[in-house]
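# Understanding the architecture of this molecule
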Amino acid sequence: MPTATHVATEYGTLRRVAMRHAGDFTRPLTGPGVHPVLARQQATSAWTAYDPAAVRAQQDQLIGLLRERGTEVVLLPAAPGCSAQHYPRDIAFAVDHVLVRARLNSTHRLPETDALTDPALGLRPVDLERGTIEGGDVLLPDTGRVLVGLSEETSPAGAAALQEALARHGVDREVVPVHFAVKGIVHLDDHLAVVAPGTALIHREVFTADQNRWFDAHFDDLLPVTDAEARAVQVNVLAIAPTTIVVAAGSDRIAAALAARGLEVLTVDYGEVTRIPGSLRCTTLPLLRT
């Protein structure tokens, strides 16, 4: 029987989330086998091989925290041979009652999406008709818009296909493409994080001037982060309630800025997870927020 899926914003109370433990690291990071996209991404983010056991242990810390806070954590089956399988945020995303299966830009990641049709999960993912789009580029700042970063992994055609699919399924939202000023961006959520209504962390330097002006007009409170903080993936936080944010250990300045705004800040050691550019948001796929 299908399970309810509904996510209206980035900061609604997290009731049900999918995660997947890390597997072995199999992707070459240097040498002739490196894909050109990865080569460009390495100019904007740090990439080093991780220890799978250490990543799984850090994931278990987050799983324990989420369960203590009342979130149901669904563990997806392994996707052997997929180096980034512990980043299920990229393989799908929910917009209101619609769960969209990502059109992954990297063919080696395609097996990660197989779990979405596992009958045990009770999900009914919707497929897009063209382009590429990954969940790390999709943010829900409010109930009227969907921000889609045009990164190395997501194309304008994918953003347009999302707009069409949402309309077909009765979701009345505007899909807003987000433009970057530099190449090599992995995903939007490494540079922009909606942490509360009207409030976001932002790495301004990677966005165009017009895009920064759009953010200024549509957010009440933008907290700038530094190049070093963005490169350390400290922007990739996870809101689990309208006033509660999980951040990675070491994000001291960001944590203090969030706490100064009256938000409860919880900390998890994710230092091994972030050896490839992803963190708390990447390792979680929200299925139900209220």
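The notes below deal with the structure included here. (Residues numbered from 1 in each chain as written. Predicted model: local features only at pLDDT ≥ 70, side-chain atom pairs only at ≥ 80, totals over all residues. Heavy atoms only, no water.)

## Comments concerning the pairing of strand S13 (residues 264–268)
- Pairing between strand S12 (residues 244–248) and S13: five bridges, direction parallel. Residue pairing for S13: Ile245 is matched across the bridge by Val265. (Pairing = 2+ DSSP bridges. Helix = DSSP H or I, 4+ residues; strand = E, 2+ residues; numbered from the N terminus.)

## What to know about the sheet that holds strand S1 (residues 14–19)
- Read from one edge to the other, the open sheet built from three strands follows the order S2-S1-S14, with strand pairing classed as mixed. Bordering the open sheet on either side are strand S2 (72–75) and strand S14 (285–289), each of which pairs with just one other strand. Strand-to-strand twist in this sheet, taken as the mean axis angle between neighbours without regard to direction, amounts to 20°.
- Inspection of the sheet shows S1 paired to S14 by four bridges, in the antiparallel sense. In the sheet register, Val17 faces S14, and the bridge partner there is Pro286. (Axes fitted to C-alpha atoms, helices over the stretch in contact; angles between N-to-C directions.)

## So, the sheet that holds strand S6 (residues 145–149)
- If you walk across this open sheet you meet the three strands as S5-S6-S7, and the pairing is mixed. Two strands bound the open sheet, and with one partner strand each, they are strand S5 (138–139) and strand S7 (174–178).
- Note: S5 against S6, two bridges, orientation antiparallel. Counterpart to Val138 in the pairing with S6 is Val148.

## Looking at the pattern of salt bridges
- Inspection of the entire model under this criterion finds 16 salt bridges.
- Note that Glu264 is salt-bridged to Arg69, the shortest N-O span being 2.7 Å. Of the two residues, Glu264 is situated in strand S13 and Arg69 in the loop between helix H2 (52–68) and S2; the sequence distance between them amounts to 195 residues.
- The class of Arg69 is partly exposed, set by a relative accessible area of 42%.
- Measuring nitrogen to oxygen at the nearest pair gives 3.9 Å for the salt bridge that ties Glu129 to Arg168. (Salt bridge = Lys/Arg side-chain N within 4 Å of Asp/Glu carboxyl O. Buried < 20%, exposed > 50% of the residue type's maximum accessible area, 1.4 Å probe, protein only.)

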